[in-house]
Amino acid sequence: MTEINLGTTADMHVHLRDGTMSKLITPTVKSGGISICYVMPNLVPPITTKQQVEEYHKNLEKMAPDTTFLMSFYLCKELTPELVEECADKGLIHGIKCYPAGVTTNSKYGVDPNDFSQFYPIFEKMQEKGIILNLHGEKPGIDEKDEINIINAESKFLPALRKLHQDFPRLKIILEHTTTFESIELVRELNQGKKQGDEIFIGATITAHHLYLIIDNWANNPINYCKPVAKFHKDKNALIDAATSGEPWFFFGSDSAPHPIHKKQVHVDVCAGVYTQCNAIGYVAEIFDKFNKLENLKKFVSDNGIKFYDLKEEILAKHKNESVWLIERKNKVPEILGNGEVEVVPFKAGDELKYIIEWRKN
Ligand code: NCD
Ligand code: ZN
């Protein structure tokens, strides 16, 4: 029977919301098998000030004291290089998330990826301070002539990533929740020639659900609808290949994004986001198992992300005494999660998974 020590695990892209949803979801970071998570700033209003980031961090820690929450800002014109410097020096933020306006949930305060020049002073400061730029890589369509749609929006964004890397070669950039064959190819291309131990500047997160889904699976099921949308078999296979490869630029970011069930059960304006936090490691392990790659699971869900984020000893020290173990034991995904105030349907609700996680003292 398989038992694997995954050490300190990291989910480098989570949505923990606020209010009652946050109370329900935040403890599931740990129960889903995650030690350290990187928290998205797309609240309403978005996280753009020192006070907001401090308060949000405090609230999350109160709800789940064993978990480490790495915080982020929402890229917008209110940010200044001075604020970024101050928050970087104090260790309050690890990155800044860039949402192109209009492409996903709470992205209306976002930016125009056709012209990042107004943010160049911020990127300069981030590069200097080792702050990560997290890209939601979808190009918004302005009008019909653009021929942009939810299937090609990620591929159309890729030239913007290329240009940013050219202009800021030492800025750490992550293409978040990659969904296409082309994205995987580009991330490999931009890391070509890197040797073991070299510093890496371009990374990509891969979610759990994109290792399972293609377009057919969300076209008739709003629970599986998220942005960027799952694409085609060729894309899914490229994501599985990348995630299971052990290559250091690919790591786990679940993009677990809960929405109340009543916002999924609608005919129009279905909310984008798949909730996977409560079984995060279990979903990923199942795929690694299926492709006989369990030996690379720890790289994907623990080592690669922690290395890319260059997490300091004082952050890792908190997790020294406890490890996440993957245990081969059947485990049913709950049909629904609720706390009397809000209800969420998890990914693969009611299905049986092959693995469960346990927290064990070292
Ligand atoms: C996310 C959310 O709900 O906040 N939704 C999603 O479909 N992934 C936003 C995002 O990361 O795009
Ligand atoms: Zn997200």
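That block above? That's the structure.
Here we summarise the structure given alongside this text.

Criteria and thresholds
Residues numbered from 1 in each chain as written. Chains lettered and ligands numbered in written order. Predicted model: local features only at pLDDT ≥ 70, side-chain atom pairs only at ≥ 80, totals over all residues. Heavy atoms only, no water. Helix = DSSP H or I, 4+ residues; strand = E, 2+ residues; numbered from the N terminus. Rg over C-alpha atoms; globule rule 2.2 N^0.38 Å. Buried < 20%, exposed > 50% of the residue type's maximum accessible area, 1.4 Å probe, protein only. Areas by Shrake-Rupley, 256 points an atom, 1.4 Å probe, with all protein chains shown as cover. Pairing = 2+ DSSP bridges. Salt bridge = Lys/Arg side-chain N within 4 Å of Asp/Glu carboxyl O. Axes fitted to C-alpha atoms, helices over the stretch in contact; angles between N-to-C directions. Contact = heavy atoms within 4.5 Å.

To continue, consider the overall build of the protein chain. When helices and strands are counted, the protein chain shows 13 helices and 14 strands. For the protein chain, whose C-alpha radius of gyration is 19 Å, the value lies close to the compact-globule estimate of 21 Å for 362 residues. Oriented by its inertia axes, the alpha-carbon framework of the protein chain measures out at about 55 × 50 × 45 Å. Taking all 362 residues of the protein chain together, 57% fall into the buried category. When the accessible surface of the protein chain is summed, it comes to about 15,400 Å², and 49% of that surface belongs to carbon and sulfur atoms.

Our next topic: the pairing of strand β3 (residues 36-39). Covered by surrounding structure in β3 are Ile36 and Tyr38 together with Cys37 and Val39, the residues of both alternating faces. Here strand β2 (residues 10-14) runs beside β3; their pairing, made up of three bridges, is parallel. Among the inter-strand pairings, Asp11 is bridged to a residue of β3, identified as Cys37.

This part is about the pattern of salt bridges. One pass over the structure, following the stated rule, counts 24 salt bridges. Close ionic contact of Arg162 with Glu189 constitutes a salt bridge, the shortest N to O distance being 2.8 Å. Taken together, the residues span a long stretch of sequence, with Arg162 in helix α6 (residues 153-167) and Glu189 in helix α7 (residues 181-190) at a distance of 27 residues. Across the pair Arg170 and Glu199 runs a salt bridge whose closest N-O atoms are separated by 3.2 Å. Separated by 29 residues along the polypeptide, Arg170 in the loop between α6 and β8 (173-175) and Glu199 in the loop between α7 and β9 (202-206) bring together distant segments of the chain. A relative accessible area of 42% means that Glu199 is categorised as partly exposed. In this structure, a network of salt bridges that share partners links the residues Glu85, Asp89, Lys125, Glu128 and Lys129.

Spatially, β1-β11-β14 is the arrangement adopted by the three strands of the open sheet, whose pairing is antiparallel. In the strand order of this sheet, the two ends are held by β1 (3-7) and β14 (352-361), each with one partner. Strand after strand, the sheet turns through a mean of 35 degrees between neighbouring axes, direction not considered. Across nine bridges, the pairing between strand β11 (residues 322-332) and β14 is antiparallel. Note on β14: the bridge partner recorded for Glu322 is Lys361. Here helix α11 (residues 280-290) sits on the sheet and contacts β1, β11 and β14; the angle it forms with β14, its principal contact strand, is near 120 degrees. Packed on one face of the sheet, helix α12 (residues 297-308) meets β1 and β11 and runs near 20 degrees to β1.

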